[in-house]
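Coordinate inspection notes
Chain by chain, the residues:
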Amino acid sequence: MKKLPLISGLVLSLLACSSLFAADKTLRIGIEAAYPPFAFKTSEGKIEGFDYDIGNALCAQMQVKCEWIEGEFDGLIPSLKVKKIDFALSSMTITEERKKSVDFTHKYYFTSSRLVMKQGAVVDDQYASLKGKTVGVQRATTTDRYATEVFEPKGIKVMRYSNNEEIYMDLASGRLDAVFADTIPLSDFLAMPRGAGYAFVGPELKDPKYVGEGAGIAVRKGNTELVGELNKAIDGIRANGEYQKIQAKYFKSDIYGD
């Protein structure tokens, strides 16, 4: 008789765990759809990109329904906190600072950061030649943090934007001298007609203090069950080849990293 409460408690615990992934459960995924090639809108208004395809593959792996919720990048963590979304899959770098607000899965890809300027520009490791020039960064990103802590004290002007698309437009108009962003989306920009005449300059930023552990999926603080299921799903799509299939659709090399 004394075992019955223990058994009942175990059954209730198992039911509670399964309820998160019940057949009628829909998980809401937050994404910024202005960060090609990871997420962008087609002319028909449909979201496409690496992050979008990875998210759908993870939902299929977990056998759950998913709904995509668009928002600006700097609004994703606040949306998690007020339970507007269940997780954010939008190329969010795993950093110690962000870990104070949200929990993360392990990485699903890794990228460094770098400057892009007009071809022929030369930038040394200390960025001395950038003094007095204007650099565009995306607001609330790791590159924004680096620009605040390193560029601005050196007399470099920093302009902050909601997304990279706005930065590219101001670069083309001459309002900016440079863009500082993640290397992978910048490579995509340089490969397009609008990237003609521009090139990578200066050092490649790989300092873990700024580029973190890679891009992870952000989950509301304390939701260890969802973190665990997403980690298993990431491992699952890498093991069954779905990750590599999606990666080959957008990139010519492995972006997962070591």
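The structure under discussion appears in the preceding block.
Right, let's walk through the structure included here.

Attention now moves to helix α9 (residues 224-239). Counted at 1.5 Å a residue, the expected span for α9 with its 16 residues is 22 Å, and the 22 Å between its end C-alpha atoms agrees. Of the positions making up α9, those classed as buried are Leu226, Val227, Leu230, Asn231, Ala233, Ile234, Gly236 and Ile237. The inward-facing, buried residues of α9 contact β1 (26-31), α2 (50-62), β5 (87-93), β6 (102-104), β12 (215-220) and α10 (242-250). Glycine 241, located one to two residues past α9, shows a positive phi value of around 90°.

A word on α10. Considered for burial, the residues of α10 that qualify are Tyr243, Ile246, Gln247 and Tyr250. One side of α10 holds all its buried residues, which, seen down the axis, span an arc of 100°. The exposed residues of α10 that point more than 90 degrees off its buried face are Lys245, Ala248 and Lys249. Each element contacted by the buried residues of α10 is listed here: β2 (40-41), β3 (47-48), α2 and α9.

Note that soluble globular proteins tend to have their nonpolar side chains buried in a common cluster. Ranked by internal contacts, the top residues of the largest apolar core, which has 37 residues, are Phe50, Ile54, Leu58, Phe87, Tyr108 and Tyr109. For this core, the secondary-structure elements that each account for two or more residues are β1, α2, β5, β12, α9 and α10. Of all the elements, α2 adds the most residues to this core, at seven residues. Membership of the second largest hydrophobic core comes to 19 residues, among which are Tyr127, Tyr146, Ala147 and Leu205.

The rules behind these values
Note on numbering: residues in each chain are counted from 1, in written sequence order. Only residues with pLDDT of at least 70 are given local features in this predicted model, and only at 80 or more are side-chain atom pairs given and counted; all residues enter the totals for whole chains, interfaces and linings. As a convention, hydrogens and water are excluded, and side-chain values are obtained from all of the structure's heavy atoms. A run of H or I in DSSP counts as a helix once it spans at least four residues, and a run of E counts as a strand once it spans at least two, with each numbered from the N terminus. Given the number of residues in a helix, its expected span is that number minus one, multiplied by 1.5 Å. Summary of the burial criterion: residues with accessible area below 20% of their type's maximum are buried, those above 50% are exposed, and those between are partly exposed, where the area comes from a 1.4 Å probe applied to protein chains only. Only heavy atoms enter the contact rule, under which two residues are in contact if any of them lie within 4.5 Å. Note: the arc covers the axis-to-C-beta directions of the helix. Think of a nonpolar core as a cluster: buried Ala, Val, Leu, Ile, Met, Phe, Trp, Tyr and Cys residues, connected wherever their side-chain atoms sit within 4.5 Å.

These values are about where atoms sit, not about what they do.
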